[in-house]
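# What the coordinates show
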Amino acid sequence: MKLTPTSLAGAFLIDIEPVEDERGLFARTVCEEEFARHGLAGRFVQQSVSWNPHPGTLRGLHFQSAPDQEVKLVRVTRGAIFDAIVDLRPGSASYGKAFHTELSAGNRRQLYIPAGMAHGFQSLEADTEVLYQMSTPFRPASARGLRWDDPALNIPWPACAARKISANDRAWPTLAARTLALTLNL
Ligand SMILES: Cc1cn([C@H]2C[C@H](O)[C@@H](COP(=O)(O)OP(=O)(O)O[C@H]3O[C@@H](C)C(=O)[C@@H](O)[C@H]3O)O2)c(=O)[nH]c1=O
């Protein structure tokens with residue numbers, strides 16, 4: 001595996017180092033020991049799949065609040081996505097900054113997202129399936145979100161004629177509104 005740091009400390013792109021022969025290829029995608037050498041968690045307690053029949057389906061930006069913050073490891077098993085993360089760790093040098101990459105079945109790339117970041121994606125092809133592992137169980141009471149199109153985040157979502165977004169995801173606050181609400185203890 002090749003682990004490449006991103007512009008957000010603790011978030012990594014993980015590419016396979018395939019061993020190929022006439023049958024195809026073999027490659028490791030998770031290794032607890034190698035992850036630990038980079039300071040990453042390598043144990044996951046849930047794995048979920050998301051199927052997106054339509055291109056332009058946008059999910060996010062999601063995270064879980066303390067004490068249920070989670071590490072996520074995301075990959076695409078069919079199709080392709082534009083994947084985006086936002087650093088929400090107080091005191092982080094990249095607080096409020098976003099990073100994005102393309103994950104596809106073809107590139108077999110994974111994005112390792114440390115705890116304290118929001119995550120979202122937009123499908124780029126029909127019939128796109130996303131597989132992710134989480135370090136912490138899903139806790140509905142801790143589910144939080146940010147507006148995908150918050151101008152302050154400036155995420156360059158691919159243009160799309162017919163974006164599909166859930167009502168929940170349309171209703172999340174901007175980062176500034178969330179910060180203000182937290183400050184006022186709302
Ligand atoms: C996220 C999640 C949802 N659910 C349930 C809640 C709801 O009834 C249904 C659909 O939930 P959502 O609309 O939140 O699904 P979705 O919008 O696909 O949520 C996902 O978005 C991406 C961007 C992520 O990063 C994921 O961690 C997850 O938050 O599934 C679970 O049972 N377990 C889970 O882990």
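Residues numbered from 1 in each chain as written. Predicted model: local features only at pLDDT ≥ 70, side-chain atom pairs only at ≥ 80, totals over all residues. Heavy atoms only, no water.

To continue, consider the overall build of the chain. Helix and strand counts for the chain stand at 3 helices and 13 strands. In terms of overall size, the chain behaves like a compact globule, its C-alpha atoms giving a radius of gyration of 17 Å where 186 residues would be expected to give roughly 16 Å. Dimensions of the chain, computed from C-alpha atoms along their principal axes, come out at roughly 60 × 40 × 30 Å. Across the 186 residues that make up the chain, the buried fraction comes to 43%. For the chain, the accessible area works out to roughly 9,800 Å², and carbon and sulfur atoms hold 53% of it. Placing the 20 positive and 19 negative side-chain charges of the chain at their respective mean positions leaves the two points 5 Å apart. (Helix = DSSP H or I, 4+ residues; strand = E, 2+ residues; numbered from the N terminus. Rg over C-alpha atoms; globule rule 2.2 N^0.38 Å. Buried < 20%, exposed > 50% of the residue type's maximum accessible area, 1.4 Å probe, protein only. Areas by Shrake-Rupley, 256 points an atom, 1.4 Å probe, with all protein chains shown as cover. Lys, Arg positive; Asp, Glu negative; His and termini not counted. Charge placed at Lys NZ, Arg CZ, Asp CG, Glu CD.)

Moving on to the sheet that holds strand β10 (residues 110-113). In spatial order, the strands read β1-β2-β10-β7-β12-β5; together these 6 strands make up an open sheet with antiparallel pairing. If you trace the sheet from one side to the other, it starts and ends with β1 (2-5) and β5 (46-52), each paired once. When the angles between neighbouring strand axes are averaged without regard to direction, this sheet yields 25°. Here β5 pairs with strand β12 (residues 128-134) via 7 bridges, running antiparallel. Within β12, the position partnered with Val49 by the bridge is Leu131. (Pairing = 2+ DSSP bridges. Axes fitted to C-alpha atoms, helices over the stretch in contact; angles between N-to-C directions.)

Right, let's get into the confidence of the model for the chain. For the chain, per-residue confidence averages 96 on the pLDDT scale, and residues scoring 70 or more make up 100% of the total. Scored as a whole, the predicted complex attains pTM 0.96, and scored at its interfaces, ipTM 0.97. (pLDDT = per-residue confidence, 0-100.)

With that out of the way, let us pick up the nonpolar core. With 16 residues, the main nonpolar core has Ile85, Leu111 and Val130 as its most contacted residues. Setting aside anything within four residues of it in sequence, one finds Val130 in contact with Ser48, Val49, Ser50, Asn52, Val74, Arg75, Val76, Ile81 and Phe121. By size, the runner-up hydrophobic cluster in this structure holds 15 residues, among which are Val86, Leu146, Leu153 and Trp157. (Core = buried A, V, L, I, M, F, W, Y, C linked by side-chain atoms within 4.5 Å. Contact = heavy atoms within 4.5 Å.)

Let us now look at the side chain of Ser92. Mapped onto the elements of the fold, Ser92 is located in the loop between β8 (80-87) and β9 (98-104). Only 2.5 Å separates the side chain of Ser92 from the side chain of Asp87, close enough to count as a polar contact. (Polar contact = N/O pair within 3.5 Å; in protein donor to acceptor, adjacent residues only side chain to side chain.)

On to the sheet that holds strand β13 (residues 143-145), then. Pairing is antiparallel across the open sheet formed by 5 strands, whose spatial order is β9-β8-β11-β6-β13. Strands at the two margins of the open sheet, each flanked by one partner only, are β9 and β13. Put simply, the sheet's adjacent strands are angled 30° from each other on average, direction ignored. Note that strand β6 (residues 58-64) and strand β11 (residues 117-123) share 3 bridges and pair antiparallel. If you follow Arg59 over to β11, its bridge partner there is Phe121.

In the region of the ligand, the neighbouring residues are Arg59, His62, Lys72, His119, Gly120, Tyr132 and Phe138. Within the side chain of Arg59, a nitrogen or oxygen atom sits 2.8 Å from an oxygen atom of the ligand. Measuring from an oxygen atom of the ligand, one finds a side-chain N or O atom of His62 at 2.8 Å. Out of a free accessible area of 650 Å², the ligand has 59% covered by protein chains. At the level of elements, β6 and β11 are the ones that each hand at least two residues to the shell around the ligand. Taken together, the residues of the shell around the ligand sort by class into 2 nonpolar, 3 polar and 2 charged. (Near = heavy atom within 4 Å. Nonpolar A, V, L, I, M, F, W, Y, C, P; charged D, E, K, R; others polar.)

All told, the structure shown has 3 aromatic pairs when counted by the stated rule. Ring centres of Phe35 and Tyr112 lie 5.9 Å apart, and the angle between their planes is 85°; on these two criteria the pair is classed as edge-to-face. Residue Phe35 is located in helix α1 (residues 32-37), and its partner Tyr112 is located in strand β10; the two are separated by 77 residues in the primary sequence. Exposure class is identical for Phe35 and Tyr112. Each is buried. Relative to Trp157, the ring of Trp148 lies with its centre 6.1 Å away and its plane at 70°, an arrangement referred to as edge-to-face. Neither residue differs from the other here; Trp148 and Trp157 are each classed as buried. An aromatic cluster is built from Phe82, Trp148 and Trp157, whose rings are joined through pairwise contacts. (Phe/Tyr/Trp six-rings, centres within 6.5 Å; stacked < 30°, edge-to-face > 60°.)

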